[in-house]
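Observations on the three-dimensional arrangement
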Amino acid sequence: VKKFGKFTFDEIHLLRISCFRDVKESDMLKQIEMWGLIPRACLAKVDKSDFAYDALRGLVSTQDVSLMLTAVNLKESGKDDPAHRLIHIKATEDFEDGGREFASDLVGKLLYDHLQSTSADRLEKYLGDMNNISSDSTADPTMYSAMYGKLFEQASIRLLSGGGMFKTRDLVAGDDAVEASF
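From a predicted model like this one, the values you see are computed outputs, not experimental measurements.

What to know about the environment of A52
Residue position: A52 is located in the loop between α3 (39-44) and α4 (53-61). According to the relative accessible area criterion, A52 is partly exposed, its value standing at 29%. Taking the C-alpha atoms as reference points, A52 and A41, separated by eleven residues in sequence, lie 9.5 Å from one another. Apart from the residues lying within four places of it in its own chain, the contact partners of A52 are M34 and W35.

The structure is reproduced here in structure tokens:
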């Protein structure tokens, strides 16, 4: 099964001015911030309440860590599955499955906030061992790297800006771990 590639901002902009003339650029930009570069979300349904900010927050608030743990099975879940709106399948240049990513940076941030407040222990376990991300032993952990990176970035920013520290080491030299702080 071939995957449809991701639209660029320029392509979305061209679609707006040629096919969706009634959509204001400011509305399109708000939708892109929430849902990513998906024409259905940022152009076709720009005025629908199920694509509004409150709808995004509501959708995120119904999720748990298992969303990420089962995201590899997106292609088998139904169209109405919330995972399809929050997590997208990336296509490679040859239109093969290139992994998973959050619909937008905002989705990653909101999901991190929600998971931190509802299941911090599971989130910490998820971030602690990327090799055990999926209970499906056939899943390639690199399929999750973009999502994992977004969640780890949120955790790192909050830890360091709160005065916390964590150990790091040079990946090339393999030196001993050193404390990192902000």
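After that view of the structure, there is still more to cover.
As for the side chain of S104
Its place among the elements puts S104 in the loop between β2 (97-102) and α7 (105-118). The buried category is assigned to S104, whose relative accessible area is 10%. At a separation of 2.7 Å, a polar atom in the side chain of S104 contacts the main-chain carbonyl oxygen of M34. The residues touching S104, leaving out its near neighbours within four places in the chain, are I32, E33, M34, W35 and G36.

Regarding the pattern of salt bridges
Across all of its chains, the model carries five salt bridges by this definition. D105 is the salt-bridge partner of K150, the closest N and O atoms lying 2.6 Å from each other. You can see K150 sitting in helix α9 (residues 145-161) and its partner D105 sitting in helix α7, a full 45 residues away along the chain. Accessibility expressed as a relative area gives 52% for D105, which makes it exposed. A salt bridge links D113 to K109; the nearest nitrogen and oxygen atoms lie 3.2 Å apart. Here the residue D113 and the residue K109 both occupy positions in helix α7, the gap between them amounting to four residues, near one helical turn. Overall, D113 belongs to the partly exposed group, its relative accessible area being 25%.

Description of the packing of helix α1 (residues 9-19) against helix α2 (residues 25-35)
Between two packed helices, the angle of one axis relative to the other and the distance separating the axes together describe the packing. The N-to-C vectors of α1 and α2 enclose an angle of 140°; their axes lie 11 Å apart at closest approach. Between α1 and α2, the angle is such that the two are oblique. Between α1 and α2 lies a crossing whose hand is right-handed. Each of F9, I12, H13 and R16 in α1 lies in contact with α2, whose residues at this interface are E25, M28, L29 and I32.

Cut-offs used in this document
- All residue numbers refer to positions counted from 1 along the written sequence of the respective chain.
- Given that the model is predicted, a residue must reach a pLDDT of at least 70 before its local features are reported, and side-chain atom pairs must reach 80 or more before they are shown or counted; all residues, however, enter totals for whole chains, interfaces and linings.
- As a rule here, side-chain values cover all heavy atoms of the structure and leave hydrogens and water aside.
- For helices the rule is a DSSP run of H or I covering at least 4 residues; for strands it is a run of E covering at least 2, with both sets numbered from the N terminus onward.
- Partly exposed residues are those whose accessible area sits between 20% and 50% of the maximum for their type, while under 20% is buried and over 50% is exposed, using a 1.4 Å probe and protein chains only.
- Two residues form a contact once any of their heavy atoms are found within 4.5 Å.
- Think of a polar contact as two N or O atoms within 3.5 Å of one another; within protein, one of them needs to be a possible hydrogen donor and the other a possible acceptor, and neighboring residues in sequence only count if both atoms come from side chains.
- By definition, a salt bridge exists where a carboxyl oxygen of Asp or Glu is found within 4 Å of a side-chain nitrogen of Lys or Arg.
- Every axis corresponds to a line fitted to the C-alpha atoms, with the helix fit spanning only the stretch in contact, and the corresponding angles, defined between N-to-C directions, vary from 0 to 180 degrees.
- What sets the label is the angle itself: under 35 degrees gives roughly parallel, over 145 gives roughly antiparallel, 65 to 115 gives roughly perpendicular, and the rest give oblique.
- By convention, the crossing between two helices is left-handed when the near helix turns anticlockwise from the far helix through less than a right angle, and right-handed when the turn is clockwise.

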